[in-house]
Amino acid sequence: MMNMDAFKEQLKILDRHGPSFMNNAMREEAFLRIGEFFETTIREGQPFDLAKNPNPVWEIIEARLLKALDEIDQPAADARTITLWQMYNAGVILRQGGVVFGVDVIPMLRTYGWAEPEGLTERIADRLDFLLVTHHHPDHYDRALVRACLDRDKPVALPEHLATEWPGRPTLRAISGGWATTWRDIRITARNAFHVWRDSMADVPLVYYELTLPGEYTLLFSGDADYTKAFEKTPEQPVHLLLLPWRNPNATFEDGHERQTHRTIDAVQMVCDHIQPAQILFEHYAELEHVYGAFPASYDMAVSLRQALQTPADWLFWGESVTLTP
């Protein structure tokens, strides 16, 4: 079993070997060891059980997220540069020039009653120019952050059924598939999708977002969309970065499932062939509450996918950033 010092050492390795959308043996091994650390230390009854308050594992992650916010607060050196920060779980904050926006941003994991750093949610809301949310699950939709953004008259896009929670808010946008707008010179299109492991769109209403930034750089943010079903982009629009959720989109691709007919790589290759992204960013790995509930961290899956794909791919630990270029 890895101890806390070993965990910290793996994070230092990540800091020395940043994301590059290429195979990196040092970085991959560090992720595998971090996954092992989570699986053997944070579950119920283990040394750093997430129910412990305060929690030493979260304190380390929190420090990395706060450092990311310090970086986001700094003015961009070049107005054309696009920087993406991986916040907790699948949430991302992006900055291009003076514009900062977030998708599925979660200030912190709130399940276990840990104390929030004073003013954290408000600080994020102050910095964001707008916020997009894909669906209602609490690892993607943080009500406190939505409230803080709306209180500051910041635009927030929510699926239609979530928007009913916020009546009378002038900067709230209730959206469904086909919704499109431009905020701060960023073209945004929303589409409906199946949530992973759901047979009906109505089970978990979800939208995913296509965003085209100045300079015609386009991201497709999936949230928890099943990217093998009803998953599209604007015709003829190149997608520079496709953000995909963890593990398998449905039983067809899940090893050992009675309905399995294909492999994980088949699902990812399917969306690569259809969307033809220049790069892929894998999301949602090792979300702590999922690991607490006995899911694997799944970094081994990310490693094997990248090694099998021709499309350049990567994934980030919380608080890391990457510079995006067409």
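Before reading further, recall that the structure is shown in the block above.
Note that the structure is a prediction, hence the values are computed from the model and not measured.

Scoring rules and cut-offs
- Residues numbered from 1 in each chain as written.
- Predicted model: local features only at pLDDT ≥ 70, side-chain atom pairs only at ≥ 80, totals over all residues.
- Heavy atoms only, no water.
- Pairing = 2+ DSSP bridges.
- Helix = DSSP H or I, 4+ residues; strand = E, 2+ residues; numbered from the N terminus.
- Axes fitted to C-alpha atoms, helices over the stretch in contact; angles between N-to-C directions.
- Salt bridge = Lys/Arg side-chain N within 4 Å of Asp/Glu carboxyl O.
- Buried < 20%, exposed > 50% of the residue type's maximum accessible area, 1.4 Å probe, protein only.
- Right-handed = clockwise from strand over helix to strand, strands pointing away.

## Digging into the sheet that holds strand 4 (residues 130-132)
Spatially, 6-5-4-3-2-1-14 is the arrangement adopted by the 7 strands of the open sheet, whose pairing is mixed. Across the chains shown, the open sheet's two edge strands, defined by having one partner strand only, are strand 6 (172-175) and strand 14 (321-324). Strand-to-strand twist in this sheet, taken as the mean axis angle between neighbours without regard to direction, amounts to 20°. Relative to strand 3 (residues 99-103), strand 2 (residues 92-96) runs antiparallel, the two sharing 5 bridges. Bridging from a neighbouring strand, Val92 pairs with Val103 of strand 3.

## Observations regarding the pattern of salt bridges
Using the criterion set out here, one finds 22 salt bridges in the structure. As a salt-bridge pair, Arg123 and Asp73 come within 2.8 Å of each other at their nearest N and O atoms. On the criterion of sequence distance, the pair formed by Arg123 in helix 4 (residues 120-127) and Asp73 in helix 3 (residues 56-73) is long-range, its members being 50 residues apart. Note on Arg123: relative accessible area 27%, which makes it partly exposed. Note that Arg80 and Asp78 form a salt bridge whose closest N and O atoms lie 2.9 Å from each other.

## Examining the pairing of strand 12 (residues 279-282)
Each regular strand shows side chains that alternate between the opposite faces of the sheet. A two-sided burial pattern is seen for strand 12, the buried positions comprising Gln279 and Leu281 on one face and Ile280 and Phe282 on the other. In the sheet, strand 11 (residues 241-244) pairs with strand 12 via 4 bridges, with the strands oriented parallel. Paired with Leu241 across the bridge in strand 12 is Gln279. Remark: the strand 11/helix 7 (residues 264-275)/strand 12 crossover connection has right-handed handedness.

Function cannot be read off these values alone, since they describe shape.
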